[in-house]
Every structure is written in structure tokens, then in C-alpha cells.
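Fold and contact review
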Amino acid sequence: MISTPLTQPAVRVRNVGKRFGNLEVLKGISLDAHEGDVISIVGASGSGKSTLLRCINMLEIPDEGEVVVAGETIALRAGRSGKREAVDRAQVDRMRMQLAMVFQNFNLWTHMTVIENVIEAPIHVQGRSRTEALREAEALLDKVGIADKRNSYPAHLSGGQQQRAAIARALAMHPRVMLFDEPTSALDPELVGEVLRVMRTLADEGRTMLVVTHEMAFAREVSNRVIFLNQGVIEEDGRPADVFGAPKSDRLRQFLSSQLRADMGPS
Amino acid sequence: MDIDFLAQTLLQLLSGVPLLLQLAFLSIAAGAIFAALLALMRLSGNPALDYPARGYVFVFRGTPLLVQIFLIYYGLGQFPEVRESLAWPLLRQPYWCALLALTLNTAAYSSEIIRGGILSVPFGQIEAARACGMSRWLIFRRIIVPQGLRVALPAYGNEIILMTRSTALASVITLMEVTGIASKIISETFRAVEVFICAGLIYLVLNFAISRAVALLERRLSPQARELSDPTHLPEPAR
């Protein structure tokens, strides 16, 4: 059920457009994510779904449109080269703290142990005390099921363990919204489940999540809203049962049947 | 073999070690600071900073250190502007000329080593830091420097050894470090082989110590490459 919001959206994306050279990757995307929403963003590769996520936390600066986090618009202006840039980097940094991101390739800091990865931003960005950060990190690692790996370096962990560590790192920031950029795409098939289980737990806790994913089962079962992106526009947007059960566009039908073939193909 | 002569020579040569170490240490230290500046200029993405740094590296890597020493020692004094400048009391002394040449030379090489170290840090890790709200300076300090240092250290250790040996060139502008003293003894005794063997031995011992120290530092800085000896230990206070 899509709840009718009483408060302002946690994240509001308005008319966001992004070009890479001549390629228009996003063409005026608008989207509201409310507290507690779990939104799956699906689409073929090249449809712009990762770019959309990266525009939300300004890893890519949108060429058009704006992003509003909890009522505060991230201020952008035209830079010298004509590309837009942040007016105030400190504001962007502050916004990013509320928008923790989990990457396809984990991107853990390889020179730090797992627990050092988790406490890094709380201590050095948010200025929390080391004792408190450590205590919380322990609890988070326990929650994602890798408490025993706290003093291991990322290189000694499996992909699934690394991604769970990355999720703990994101959680440690107390983010308002979590952005997942294809969190299971770089994993061996047998490791996908352990990461999805953690994500399902987070969804059950009522966390606000935006998930770019190829896991149709996750999108169908866990999210309360599915967005199908096609060539830089939102082609369909609705409850999973509607989007998957009764696709309106040919594009989505094609996409879903290709996903089905991929899922049922020889493994 | 004339043990007495060898021992005596060695003793005389050792008196040049403090000057050798001084030249090496000061030029490497000053060169490292200059090199860091050059590396940041190259990485700034600003052509007005990048190209001067490129040109500098091109010139100082592309010409022999010996030529640079000669140009600074003999060449600078030809310009009245230099002779009348405040730096002249320093630049007329071979010691400062040698130090300047060594510093400028190592800065060119080291800047490329530092640049390589910085560029070696995977971009994904920098993005992850950005996504956590880390500022540029914090990312530089906490993510790029610790990792870049580890990558750069083997090459930089080489550079330190090269510079220690290069101090020998200071002898051509009259400085009495180890090689300078060796030349003097040879001109008095004509026993080139024994004297140079003694001199070579000194450089060998020094550079062995340096390479061991660098290897030790490398091990210390790369805990992730070692097996974890104590799986229960708490992380060190990071700063």
C-alpha cells in the first residue's frame, strides 16, 4: 500500500536530468520517497537507474532539476565550465550523511579493518566519541552477521561478507535514507541470499530505502513500490503487484520476460 | 694486503659520513615537501598549475644531476641579479649549491612517485568516502594518504638510496664528503683501488641500513598484507 504522507518526503527528486556528453541518461525524473518507503528501481542496463541514484547524493551533479532531502534543497549553480556544481560543499557533505550509499563493488577501505570501516565516518565526520562508535559498530556487525570478522581486513572477506560490512558502515551513519546501487550484482550467486536477507531485515524495520536492483523477487516481495526506468524516463511506477502483475507498457513486458528467461536459464 | 692502510683510509673516509648524511637527509626532506607540492599541481586539473610542474619534471629528470650541479655552482654566479640578491651569500658556497641541486633533482623524481601513489587509490573507495559526507581534506588525509604511501614506499625507498649515492657528486664542487676525501687520498697515495673499495663499502653499509629500514616501515604500514596475529585485539586509536 502506498501511504499518503503526512510529512514532507524524505527525498524529493524534481525534474532531474543528466547528460554524459551527447548521451541524455536521465530525462526529467521526478520521484518522492517518503519515510518507510522501500522503492525498487528496475530497468535494463543503460536505462539510467544507477545514475539516478548517484544524482540523489550528488556523486553525479544533475544538469537539470533539483534534489530535496528532508525539506532542504541541495543548492546547485552553473559553474565556470557551464556544468553545474554545488554552491556549498559542506551542505552536500551534510546531505550525504543522511543518504548512506551501498555500492555494487562494496568499496570498503582496504587499509582499515571491518570495524574501522564502520566507525570511520561516525568518528571523523559526525564527531561521535570513539567508545560510542565502537559499541554501536559491534552491534551493527552483529546484526549483519559478521561480528566475528570485526578485525579482519576486507581482502580476507568473501564478497557477501564485504557487502554486509558495507551495509553496517552505511547504517552507522544513522542515515535517513539508504541508497543501494545494485548491491548484489557483483556477488557469486550463492552469496546473494545473505545480503538480501540483511536488506529484508532493514526493510522490515521500516527504513527508507531506494534500491537499484536486478533481483526481481526482492523488488516484488520486499519493496512497497517499483519504478521501471527506460531510456532515462520513468516508464511505470506503482505497487509491485501492479507493476509486475499487469505491466502496461511493451517495454516492461519485454524487460520482465527477459529477466524471467535469465532467472530460469541454466545456472 | 695492507691492512693498516685500509684501516687508516676507512677511518679518514668515515669523517666524511656526517656531511654525506647531512646532504642526503636535508635534500630528501626538502625535496619531499617540494615533490608533494609538484604532485598536487600535476593532479590539480588546472593547466596553469599542471604544465609548469610537468615542465619542471621534464627538465630535471631529463638532464644529468652532474650537469645541474655545475649549472647551479658555476652558472648562477654569472648573473649580476643573483650576485646582488639576498641568496648570494648562500649560493656562492658549494655546500648550498650541492644541497639545492640535490633537492631540485629529487623533487622531480619524488613528485612522480607521489603522484603514482595517489592515483593508485581505487576511485570507488574515494566515492564511498564522499558518499559518507567526508570532505576533500578528510578523504585525502584518511583514505588517500595512508593507501598511497604504501604503494609509493618501495619506489620512494629506491629514491632515498639513489640520493644517498648521488651525494658523491657533491665532491666535484669541492665538498669533502666520503668521495671527496677518497679523491684527495688517491691524489696523495695513488692507491685508487683500495681507497675506492673502502669508499664503496661505506656507501654499501649505509644503503643496506636504509633498505632494511624501508622494508621494516613497509611491513608496519601494511597490516592488511599480514596474517592477523591476534584476532581479538582492538583497533589502534586512529588519528
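Below you will find a few notes about this structure. What you are looking at is a predicted structure, and each value in this text was computed from that prediction instead of being measured.

1. Topic: the sheet that holds strand E1 (residues 11–20) of chain A
Residues and elements named next belong to chain A. Strand order in the open sheet formed by 4 strands is E2-E1-E4-E5, and the pairing between neighbours is antiparallel. Where the open sheet ends on each side, the last strands, each with one partner, are strand E2 (23–33) and strand E5 (72–73). Here E1 pairs with strand E4 (residues 64–69) via 5 bridges, running antiparallel. Note that in E4 the partner of glycine 17 across the bridge is glutamate 64. In the packing of helix H1 (residues 49–56) onto the sheet, the strands contacted are E1, E2 and E4, and the crossing angle to E1 comes to about 120°.

2. Focus: the pairing of E4(A)
Residue and element names in this part refer to chain A. In terms of strand pairing, E4 meets E5 through 2 bridges, oriented antiparallel. Paired with valine 68 across the two strands is threonine 73, which belongs to E5. Hairpin connection of E4 to E5: 2 residues between the antiparallel strands, including alanine 70 at a positive phi of 50°.

3. Concerning the interface of chain B and chain A
Contacts between the two partners involve 31 residues from chain B and, on the opposite side, 30 residues from chain A. For the pair chain B and chain A, the summed buried area comes to about 2600 Å², and 55% of that belongs to carbon and sulfur atoms. There are 2 salt bridges connecting chain B and chain A. For B:Arg142, the salt bridge goes to A:Glu120, with nearest N and O atoms at 2.7 Å. For the interface between chain B and chain A, the tally reads 8 residue pairs in polar contact (both at pLDDT 80 or more). Those elements that provide at least two residues to the side of chain B that touches chain A are helix H8 (123–131) and helix H9 (136–166) of chain B. A class-by-class count of the residues in the side of chain B that touches chain A yields 15 nonpolar, 8 polar and 8 charged.

4. A closer look at the environment of A:Leu229
Residues and elements named next belong to chain A. Checked against the element boundaries, leucine 229 lands in strand E11 (residues 225–230). Exposure remark for leucine 229: the relative accessible area of 0% places this residue in the buried category. Put simply, leucine 229 and leucine 252 are 23 residues apart on the chain and 9.0 Å apart in space, counted from C-alpha to C-alpha. Excluding residues that lie within four positions of it along the chain, leucine 229 makes contacts with Leu26, Ile29, Ile41, Val42, Gly43, Ala44, Ser47, Gly48, Lys49, Leu52 and Ile234.

5. Considering the packing of helix H2 (residues 17–43) of chain B against helix H3 (residues 47–62) of chain B
Residues and elements named next belong to chain B. Between H2 and H3, whose axes approach to 7 Å, the crossing angle comes to 130°. Here H2 lies oblique to H3, going by the angle between them. Of the two possible hands of crossing, H2 and H3 adopt the one that is left-handed. Residues Phe34, Leu38, Met41 and Arg42 of H2 pack against Leu49, Asp50, Pro52, Ala53, Arg54 and Tyr56 of H3. The residue inventory of the contact of H2 with H3, partitioned by class, reads 7 nonpolar, no polar and 3 charged.

6. Overview of the sheet that holds strand E3 (residues 38–42) of chain A
All names here are of chain A. Taken together, 6 strands build an open sheet; the order of strands is E8-E9-E10-E3-E11-E12 and the sheet is mixed. At either margin of the open sheet sits one strand with a lone partner, and together these are strand E8 (99–102) and strand E12 (233–238). Shown here is a sheet whose adjacent strand axes are inclined to one another by a mean of 20°, direction ignored. In this sheet, strand E10 (residues 208–212) lies alongside E3 in parallel orientation, the contact comprising 4 bridges. Its bridge partner lying in E10, isoleucine 41 is registered against valine 212. With respect to the sheet, helix H5 (residues 159–171) is in contact with E8 and strand E9 (177–181), its orientation differing from that of E8 by roughly 175°.

7. Digging into a nonpolar patch on the surface
A grouping of B:Leu66, B:Phe70, B:Tyr74 and B:Val172 is seen on the molecular surface, where their side chains present a nonpolar patch of about 330 Å² in accessible area. The exposure class of B:Val172 is partly exposed, given its relative accessible area of 36%.

8. What to know about the packing of aromatic side chains
Applying the stated criterion across every chain, the model contains 7 aromatic pairs over all chains. For the ring pair A:Phe228 and A:Phe255, a centre distance of 5.3 Å and an interplane angle of 35° mean the geometry is tilted. Of this pair, A:Phe228 sits in strand E11 while A:Phe255 is found in helix H9 (residues 250–264), placing the two residues 27 residues apart along the sequence. Each member of the pair, A:Phe228 as well as A:Phe255, is classed as buried. Their ring planes at 70° and their centres at 5.2 Å tell us that B:Phe34 and B:Tyr56 sit as a pair that is edge-to-face. Placement of the pair is B:Phe34 in helix H2 and B:Tyr56 in helix H3, with a sequence separation of 22 residues. Under the relative-accessibility criterion, B:Phe34 is labelled partly exposed at 25%. Here B:Tyr56 falls in the buried class, since its relative accessible area comes to 16%.

9. Description of H2(B)
The end-to-end C-alpha distance of H2(B), which contains 27 residues, comes to 38 Å, matching closely the 39 Å that a straight helix rising 1.5 Å per residue would cover. Looking one or two residues past H2(B), B:Gly45 carries a phi angle of roughly 80°, positive in sign.

10. Some words on the pattern of salt bridges
Residue and element names in this part refer to chain B. Inspection of the entire model under this criterion finds 28 salt bridges over all chains. Aspartate 2 is the salt-bridge partner of arginine 191, the closest N and O atoms lying 3.2 Å from each other. Taken together, the residues arginine 191 in the loop between helix H10 (178–189) and helix H11 (192–221) and aspartate 2 in the segment before helix H1 (3–14) connect sequence positions 189 residues apart. Residue arginine 191 is classed as partly exposed on the basis of its relative accessible area of 26%. By relative accessible area, aspartate 2 is classed as partly exposed at 31%. Three or more residues joined by partner-sharing salt bridges are found here, namely Arg42, Asp50, Arg54, Glu112 and Arg115.

About the cut-offs
- Residues numbered from 1 in each chain as written.
- Chains lettered and ligands numbered in written order.
- Predicted model: local features only at pLDDT ≥ 70, side-chain atom pairs only at ≥ 80, totals over all residues.
- Heavy atoms only, no water.
- Pairing = 2+ DSSP bridges.
- Helix = DSSP H or I, 4+ residues; strand = E, 2+ residues; numbered from the N terminus.
- Contact = heavy atoms within 4.5 Å.
- Axes fitted to C-alpha atoms, helices over the stretch in contact; angles between N-to-C directions.
- Buried area = accessible area lost by both parts, 1.4 Å probe.
- Salt bridge = Lys/Arg side-chain N within 4 Å of Asp/Glu carboxyl O.
- Polar contact = N/O pair within 3.5 Å; in protein donor to acceptor, adjacent residues only side chain to side chain.
- Nonpolar A, V, L, I, M, F, W, Y, C, P; charged D, E, K, R; others polar.
- Buried < 20%, exposed > 50% of the residue type's maximum accessible area, 1.4 Å probe, protein only.
- Parallel < 35°, antiparallel > 145°, perpendicular 65-115°, else oblique.
- Left-handed = near helix turned anticlockwise from the far one by under 90°.
- Patch = residues over 30% accessible without salt bridge, like charges linked within 9 Å, V, L, I, M, F, W, Y side chains within 5 Å.
- Areas by Shrake-Rupley, 256 points an atom, 1.4 Å probe, with all protein chains shown as cover.
- Phe/Tyr/Trp six-rings, centres within 6.5 Å; stacked < 30°, edge-to-face > 60°.
- Expected span 1.5 Å × (residues − 1).

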